[in-house]
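Here are the chains, one letter per residue:
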Amino acid sequence: MPELPEVETVRRNLQSLVNGAVIREVELGAFTGCIAHPAPQEFAARLSGQRITGTGRRGKNLFILLDSGDDIAIHLRMTGDLTVVLPDEPRGKHHHLALLLDDGRELRFSDTRKFGRLRLLTPTEFEEFKTTVGPEPLEDELTPERFFEMLQSRGRAVKPLIMDQAFLAGVGNIYADEALFTARIHPLRPADSLTFDEASRLLDAIRVAFLDALGRGGTTIKDYRNALGERGENQDYLQIYSLSEGEPCPRCGTPISRIVVGQRGTRFCPHCQPAPVQA
DNA sequence: ACACTGCCCTGCGAGC
DNA sequence: TGCTCGCAGGGCAGTG
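Residues numbered from 1 in each chain as written. Chains lettered and ligands numbered in written order. Predicted model: local features only at pLDDT ≥ 70, side-chain atom pairs only at ≥ 80, totals over all residues. Heavy atoms only, no water.

Draft legend 1. Quick peek at the overall build of chain A. Assigned secondary structure in chain A consists of seven helices and 11 strands. By the compact-globule yardstick of 19 Å for 279 residues, chain A fits well, its C-alpha radius of gyration being 20 Å. Projecting the C-alpha coordinates of chain A onto the three principal axes gives extents of approximately 60 × 35 × 30 Å. Long-range contacts, defined here as pairs at least 24 residues apart, represent 64% of the contacts in chain A between residues at least 6 apart. Here chain A displays about 12600 Å² of accessible surface, and carbon together with sulfur accounts for 49% of that area. Separation between the mean location of the 34 positive side-chain charges and that of the 39 negative ones in chain A comes to 5 Å. (Helix = DSSP H or I, 4+ residues; strand = E, 2+ residues; numbered from the N terminus. Rg over C-alpha atoms; globule rule 2.2 N^0.38 Å. Contact = heavy atoms within 4.5 Å. Areas by Shrake-Rupley, 256 points an atom, 1.4 Å probe, with all protein chains shown as cover. Lys, Arg positive; Asp, Glu negative; His and termini not counted. Charge placed at Lys NZ, Arg CZ, Asp CG, Glu CD.)

Draft legend 2. Main features of the protein's contact with DNA strand B. The environment of DNA strand B is formed by Lys93, His94, Thr112, Arg113, Lys114, Phe115, Arg154, Gly155, Arg156 and Gln263. In DNA strand B, the atoms that sit within 4 Å of the protein are 62% sugar and phosphate, with bases accounting for the remainder. Take lysine 93: an N or O atom from its side chain is 3.3 Å from a phosphate oxygen of DNA strand B. Contacts to DNA strand B include arginine 154, whose side-chain N or O atom sits 2.7 Å from a phosphate oxygen. Across the surface near DNA strand B, the residue classes break down as one nonpolar, four polar and five charged. (Near = heavy atom within 4 Å. Polar contact = N/O pair within 3.5 Å; in protein donor to acceptor, adjacent residues only side chain to side chain. Nonpolar A, V, L, I, M, F, W, Y, C, P; charged D, E, K, R; others polar.)

Draft legend 3. Representation of the sheet that holds strand E5 (residues 71-75) within the structure. Spatially, five strands are ordered E2-E9-E5-E4-E3 in an open sheet, and the strand pairing comes out mixed. At either margin of the open sheet sits one strand with a lone partner, and together these are strand E2 (35-37) and strand E3 (52-58). If you compare each strand with its neighbour and ignore which way they point, the axes differ by 25° on average. Taken strand by strand, helix H2 (residues 40-47) contacts E2, strand E4 (61-66), E5 and strand E9 (117-121), and its axis lies near 60° from that of E9. (Pairing = 2+ DSSP bridges. Axes fitted to C-alpha atoms, helices over the stretch in contact; angles between N-to-C directions.)

Draft legend 4. Structural context of the protein's contact with DNA strand C. Contacts to DNA strand C come from 14 residues, most closely from His75, Met78, Arg113, Arg258 and Arg264. The share of sugar and phosphate among atoms of DNA strand C within 4 Å of the protein is 57%. At 2.4 Å from a base nitrogen of DNA strand C is found a side-chain nitrogen or oxygen belonging to arginine 264. Interatomic distance of 3.0 Å between a backbone N/O atom of glycine 265 and a phosphate oxygen of DNA strand C. For the surface near DNA strand C, the residue count by class is five nonpolar, four polar and five charged.

Draft legend 5. View of the packing of aromatic side chains. Tallying each qualifying case throughout the model produces four aromatic pairs. Considering the side-chain rings of phenylalanine 63 and phenylalanine 129, the 6.0 Å spacing of their centres and the 90° angle between planes classify their relative orientation as edge-to-face. With phenylalanine 63 in strand E4 and phenylalanine 129 in helix H3 (residues 123-130), this residue pair connects regions lying 66 residues apart in the sequence. For the pair shown, phenylalanine 63 and phenylalanine 129 are each scored as buried. Here a set of aromatic residues connected by ring pairs shows up, and it is made of Phe63, Phe126 and Phe129. Sitting over the ring of tyrosine 241, arginine 267 keeps its end group 4.7 Å from the ring centre. (Phe/Tyr/Trp six-rings, centres within 6.5 Å; stacked < 30°, edge-to-face > 60°. Buried < 20%, exposed > 50% of the residue type's maximum accessible area, 1.4 Å probe, protein only. Lys NZ or Arg CZ within 6 Å of the ring centre and 35° of its normal.)

Draft legend 6. Structural detail: the nonpolar core. Leu14, Leu47, Ile72 and Leu82 are the most contacted members of the largest nonpolar core, which has 30 residues in total. Ranked by residue count, the leading element in this core is helix H1 (residues 4-18), at four residues. Aside from chain neighbours lying at most four places away, what touches isoleucine 72 is Phe43, Leu47, Leu62, Phe63, Ile64, Leu66, Leu99, Leu118, Arg119 and Leu120. (Core = buried A, V, L, I, M, F, W, Y, C linked by side-chain atoms within 4.5 Å.)

Draft legend 7. Molecular detail of the state of the cysteines. As enumerated under the stated definition, the model contains zero disulfides in all. Cysteine 249 takes part in no disulfide bond, and the closest cysteine sulfur, belonging to cysteine 269, lies 3.7 Å away. (Disulfide = S-S within 2.5 Å.)

Draft legend 8. Local environment of the sheet that holds strand E7 (residues 95-101). In space, the four strands of this open sheet follow the order E1-E7-E8-E6, with antiparallel pairing throughout. A strand with exactly one partner marks an edge of an open sheet, and here the two such strands are strand E1 (23-28) and strand E6 (80-85). Neighbour-to-neighbour, the strand axes of this sheet turn through a mean angle of 15°, independent of strand direction. One ladder, built from five bridges, connects E7 with strand E8 (residues 106-111); its direction is antiparallel. Its bridge partner being in E8, leucine 97 is matched across the sheet by phenylalanine 109. Where H1 meets the sheet, it contacts E6, E7 and E8, and its direction lies at approximately 25° from that of E6. Running over the sheet, H2 touches E1 and E7 and is turned about 165° from E1.

Have a look at this one:
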């Protein structure tokens, strides 16, 4: 499922593939529920004739900037897929939307599980939207001191907290497990119980996980493809997410545990990531 | 304000 | 072999 590195990979693809192109027409598929705002017909009408002037990203949200000043905000959720193809490319079973470009190519959106969403935002709506998303882990403004301070005021378990997009942008289930493993922090540790050293290690582990994955074109467990339809390679380098319960920890050999935290399957090493002490 | 639960949706693997 | 069932999960609405 696309998290920050995968969305950033797609953004870079789109930046080189469609920047400067004009959207001639928007072709709606049978399922228009993927267009969250405004109504599908208005969405299509307002996009037609617009030139793409750039791309952007905030956490897992991808932006396509238009010369009208509006932005298309896209969230791929679990199985959303954006690809740039020639018109003779057959449409997949879960094709939902196509932006027909003036050079003949198409920017297509497909999504098996129909969780992904597109919305067209005015500059005001865009600014408002950005305030709902937490800081970017890869930006320098997020210092270890600031991250520690953010954790200090929160009593909930650290894993669901770092996956909360309003708290921190871009971390999903895969990189949460990877980073907590690297930083040797149990996923159920209350956020405010982390020491400064642990907070610092966690932020660093998130950054390393993201940068490594970016360098390998993202993680493809099953569905993820970039805008060229290619798989990522980072799945071959995951430390713990791809392991099953009972398989040995790659660091110490202790059998890996699997629990459910905030409805998400969670892997950790009970030796390297000791459980919080109950009060 | 914060924390937590249920729901959306389809494909796939396990079990019988 | 073919069926049913339950699981996978990001974000949002609703609840406490």
